Every structure is written in structure tokens, then in C-alpha cells.
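Residue-level listing of the chains:
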Amino acid sequence: MTVYNEIITTLQKSPYKLTPQRETIVKVLVDRKEEHLSAEELYFILKEISPDIGLATVYRTLDIFYDLKILEKITFGNGIAKYHLRQKMTIGMHHHLICTKCHNISTVSNEIFNKLIKYLNQEYNFEVQDNTIAIYGTCKDCQGEEIK
Ligand SMILES: [Zn+2]
Ligand SMILES: [Zn+2]
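Residues numbered from 1 in each chain as written. Chains lettered and ligands numbered in written order. Predicted model: local features only at pLDDT ≥ 70, side-chain atom pairs only at ≥ 80, totals over all residues. Heavy atoms only, no water.

Looking at the sheet that holds strand S1 (residues 37-38)
Across a sheet, paired strands are connected by hydrogen bonds in the backbone, their directions being either parallel or antiparallel. Condition: Strands are labelled as partners when DSSP assigns at least two bridges between them. Note on conventions: DSSP H or I runs of at least 4 residues are helices, E runs of at least 2 residues are strands, and numbering of each starts at the N terminus.
Read across the open sheet, the three strands follow the order S1-S3-S2; overall the sheet is antiparallel. Each edge of the sheet is formed by a strand with only one pairing partner; in this case those strands are S1 and strand S2 (71-75). Examined bridge by bridge, S1 and strand S3 (residues 81-85) share two bridges and lie antiparallel to one another. What sits directly across from Ser38, in S3, is Lys82.

See below:
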């Protein structure tokens with residue numbers, strides 16, 4: 001089963017309706033599974049495909065998809081959230097390095113993080129949510145700006 005079909009099935013089994021707009025949103029999310037998109041970014045992409053779509057619909061759909069565990073959400077201190085498909089549905093786990101200045105997200109895939117998750121689970125009986133770790137800091141580009 002493709003990721004797209006898997007999501008459609010999840011929606012069909014849920015109490016939420018599968019509307020044509022929601023189908024379009026699923027398509028875009030699958031096409032851009034490598035990216036981390038905010039509701040606004042997703043909205044501008046969707047506008048090109050389906051000009052009638054409203055920002056409120058995008059927000060609501062993202063909330064529903066998050067509820068249904070279709071999406072993972074990466075939140076910033078300032079209330080901005082970015083989304084991507086739940087990693088269990090796609091190949092390869094990654095974790096997030098989040099720049100608090102420019103809001104750029106870099107991804108890291110390293111065994112050390114999986115070891116850390118295992119350690120937290122064993123030593124603290126703490127289940128890490130969605131297997132993702134977000135580390136906040138200042139990216140290379142923004143560090144450069146500070147020196148100037
Ligand atoms: Zn990610
Ligand atoms: Zn930065």
C-alpha cells in the first residue's frame with residue numbers, strides 16, 4: 001500500500017469526512033514529504049492547485065491529521081508549527097535541529113539519537129513522542145550574523 005492510500009484509509013476509518021480538499025492536502029503532503037511545512041506555507045502551495053481553499057480549512061485539516069497521527073508537528077517557541085508526515089509512514093527516521101532565529105529546520109539521522117531514545121525509555125520509563133527529538137539553537141548562518 002502506498003503512503004497516500006494508507007492515509008486515505010486512515011481518514012475513511014476515522015469519524016472525519018474525506019472531502020476533495022482533504023484529498024488534495026494529502027497529495028501535497030505526500031509529494032513534499034521531505035519538507036517541513038507551516039500551515040501558511042502549505043496554504044500557498046494549495047492555492048495554486050485549488051484556489052477556493054481557505055486558510056481556516058488548512059488549519060483545521062492539519063489539526064485533524066495530527067489527531068489521527070498522520071502528521072508530526074514541530075513547534076517553535078513563538079507559536080509557529082511545522083508539519084510533516086509521520087515518520088513511521090515514510091522511510092528513514094530523522095530528528096530536528098531548529099534555529100530559533102531564522103526558524104530553519106535541519107534534519108539529522110544518526111544512531112546516537114536512537115540510542116538516546118532507548119536510554120530515556122529504559123532509565124526513566126519515558127516514552128519519547130513520535131520518536132522525534134527537536135534540538136533548539138542557532139544555525140551556522142545565524143551564528144555568522146552575530147559576529148558581524
Ligand atoms: Zn522532520
Ligand atoms: Zn538560523
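Now, onward.
Overview of the packing of aromatic side chains
Just so we agree on the cut-off: Centres within 6.5 Å are what make two rings of Phe, Tyr or Trp a pair, Trp counting through its six-membered ring; a difference in plane orientation under 30 degrees is then read as stacked, over 60 as edge-to-face, and the rest as tilted. For the exposure calls, accessible area comes from a 1.4 Å probe over protein chains only, and a residue counts as buried if that area is under 20% of its type's maximum, exposed if over 50%, partly exposed in between. We call a charge positioned above a ring when the Lys NZ or Arg CZ atom is no farther than 6 Å from the ring centre and deviates by at most 35 degrees from the ring normal.
Inspection of the entire model under this criterion finds two aromatic pairs. With a centroid separation of 6.1 Å and 75° between ring planes, the pair formed by Tyr119 and Tyr124 is classed as edge-to-face. Residue Tyr124 is classed as exposed on the basis of its relative accessible area, which comes to 55%. Over the aromatic face of Tyr66 sits the side chain of Lys73, whose NZ or CZ is 4.9 Å from the ring centroid.

Focus on the nonpolar core
Note the threshold: Only buried Ala, Val, Leu, Ile, Met, Phe, Trp, Tyr and Cys residues count toward a nonpolar core, and they belong to the same one when joined by side-chain atoms within 4.5 Å. Every residue pair with non-hydrogen atoms within 4.5 Å of one another is taken to be in contact.
Ile7, Leu42, Val58, Phe65, Leu71 and Leu85 are the most contacted members of the largest nonpolar core, which has 25 residues in total. For this core, the secondary structure elements donating two or more residues are helix H1 (3-13), helix H2 (20-31), helix H3 (39-49), helix H4 (55-67) and S3. Once residues lying within four places of it in the same chain are set aside, the contact partners of Leu42 are Ile25, Val28, Leu29, Leu37, Val58 and Leu62.

A few points about the environment of Lys17
Along the chain, Lys17 falls in the loop between H1 and H2. Residue class for Lys17 comes out exposed when judged on its relative accessible area of 65%. Between the C-alpha atoms of Lys17 and Asp31, which are 14 residues apart in sequence, the distance is 22 Å.

Observations regarding the packing of H2 against H4
The condition is simple: Geometry is summarised by axes, namely lines fitted to C-alpha atoms with helices restricted to the contacting stretch, and by angles between N-to-C directions that run from 0 to 180 degrees. Roughly parallel refers to an angle under 35 degrees, roughly antiparallel to one over 145, roughly perpendicular to one between 65 and 115, and oblique to any angle outside these ranges. Classification convention: Asp, Glu, Lys, Arg as charged; Ala, Val, Leu, Ile, Met, Phe, Trp, Tyr, Cys, Pro as nonpolar; all other residues, Gly among them, as polar.
Look at H2 against H4: their axes get within 11 Å of each other, and the N-to-C directions meet at 70°. Between H2 and H4, the angle is such that the two are roughly perpendicular. Of the residues in H4, those in contact with Gln21, Arg22, Ile25, Val26 and Leu29 of H2 are Thr57, Arg60, Thr61, Ile64 and Phe65. Of the residues that constitute the contact of H2 with H4, the class distribution is five nonpolar, three polar and two charged.

As for the coordination of the zinc ion (ligand 1)
Geometry reference: four tetrahedral donors at a metal, ideal angle 109.5 degrees. Six octahedral donors, ideal angles 90 or 180 degrees. Convention followed: With water excluded from the atoms, a metal site may look incomplete; its donors are any N, O or S atoms within 2.8 Å, or within 3.2 Å for Na, K and Ca. For a four-donor site, all angles between 85 and 135 degrees give tetrahedral; for four or six donors, opposite pairs above 155 degrees with the remaining angles between 65 and 115 give square planar or octahedral; all remaining cases count as irregular.
Protein coordination at the zinc ion (ligand 1) comes from His36 (NE2), His84 (NE2), His94 (NE2) and His96 (NE2), with a distance range of 1.9 to 2.1 Å. Here the zinc ion (ligand 1) binds four donor atoms, and the angle range of 100 to 115° at the metal identifies the geometry as tetrahedral. Look at where the donors of the zinc ion (ligand 1) fall in the sequence and you get H-x47-H-x9-H-x1-H. Within this pair, whereas His36 is found in the loop between H2 and S1, its partner His84 is found in strand S3, the two being separated by 48 residues in sequence. An identical accessibility class is assigned to His36 and His84; each is buried.

Note that every value here comes from positions in space, so none of it alone points to a role or purpose.
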